[in-house]
Amino acid sequence: MKVLLHAIFVTILLLSPSLAWAQNEQKEQKAAKEQPATGILLTLLTDNEIQIQNAEPGMQLEVYSIVGVRLISVTLDSSDKIIRTNLPKGYYIFKIGNIVRKVIIK
C-alpha cells in the first residue's frame, strides 16, 4: 500500500510541472489571439522627431512622463506622420491606441 501511494505521489509530482507548462502555454496563445495585430510603427528619428507609420487617421498619440503625467496629446491626421517635440532628456511613455512603448531620449 505504501509503495502504491508513493508511486502515485511521485507521478503527480512529475506531471505537475508539465501540466502547469501546458496551462501557461494555452494562456499565452489565448492572449495572442485576443490582441489584434497592428502594423503601427513608432520610430524615434532624432531627439525631437517621432515618426509614426501605418496608424489610422484620427488616432491619438499621447506622451507621458515616467510618473504618468501627460505631456503631449496629438490627433493623427494621416497614416504616416512625423511629429516634432521639445522633450528634454529622460524616459517617456508613448501610447498610440493600445500600443504602449517606453522611449529614452538621450
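Basis of the calculations
Residues numbered from 1 in each chain as written. Predicted model: local features only at pLDDT ≥ 70, side-chain atom pairs only at ≥ 80, totals over all residues. Heavy atoms only, no water. Salt bridge = Lys/Arg side-chain N within 4 Å of Asp/Glu carboxyl O. Helix = DSSP H or I, 4+ residues; strand = E, 2+ residues; numbered from the N terminus. Buried < 20%, exposed > 50% of the residue type's maximum accessible area, 1.4 Å probe, protein only. Contact = heavy atoms within 4.5 Å. Patch = residues over 30% accessible without salt bridge, like charges linked within 9 Å, V, L, I, M, F, W, Y side chains within 5 Å. Areas by Shrake-Rupley, 256 points an atom, 1.4 Å probe, with all protein chains shown as cover. Core = buried A, V, L, I, M, F, W, Y, C linked by side-chain atoms within 4.5 Å.

So, about the pattern of salt bridges. For the coordinates displayed, the defined rule picks out 3 salt bridges. E49 is the partner of R84 in a salt bridge, and the nearest nitrogen-oxygen pair spans 3.1 Å. Linking R84 in strand β5 (residues 81-84) with E49 in strand β2 (residues 49-53), this pair joins segments that are 35 residues apart in sequence. Relative accessible area serves as the criterion here: at 19%, E49 is assigned to the buried category. For D77, the salt bridge goes to K81, with nearest N and O atoms at 3.3 Å. A relative accessible area of 55% means that D77 is categorised as exposed. Given the relative accessible area of 25%, K81 is considered partly exposed.

Another aspect to go through is the environment of I72. Examined against the element boundaries, I72 turns out to sit in strand β4 (residues 70-75). By relative accessible area, I72 is classed as buried at 19%. For the pair formed by I72 and Q60, sequence separation is 12 residues and the distance between their alpha carbons is 9.9 Å. The residues touching I72, leaving out its near neighbours within four places in the chain, are L61, E62, V63, T85 and L87.

This next bit is on a nonpolar patch on the surface. A surface patch of nonpolar side chains, amounting to about 590 Å² of accessible area, comprises I66, V67, V69, L71, Y91 and I104. Counting through the fold element by element, L71 comes out in strand β4.

Looking now at the nonpolar core. Core analysis: the biggest nonpolar cluster contains 17 residues, and I40, I52, L61, V63, L76, L87 and F94 have the highest contact counts within it. At the level of secondary structure, the elements contributing two or more residues to this core comprise β2, β3 (60-65), β6 (90-96) and β7 (99-105). Discounting residues that sit within four places of it in the chain, I40 has contacts with I52, Q53, N54, A55, M59, I96 and I99.

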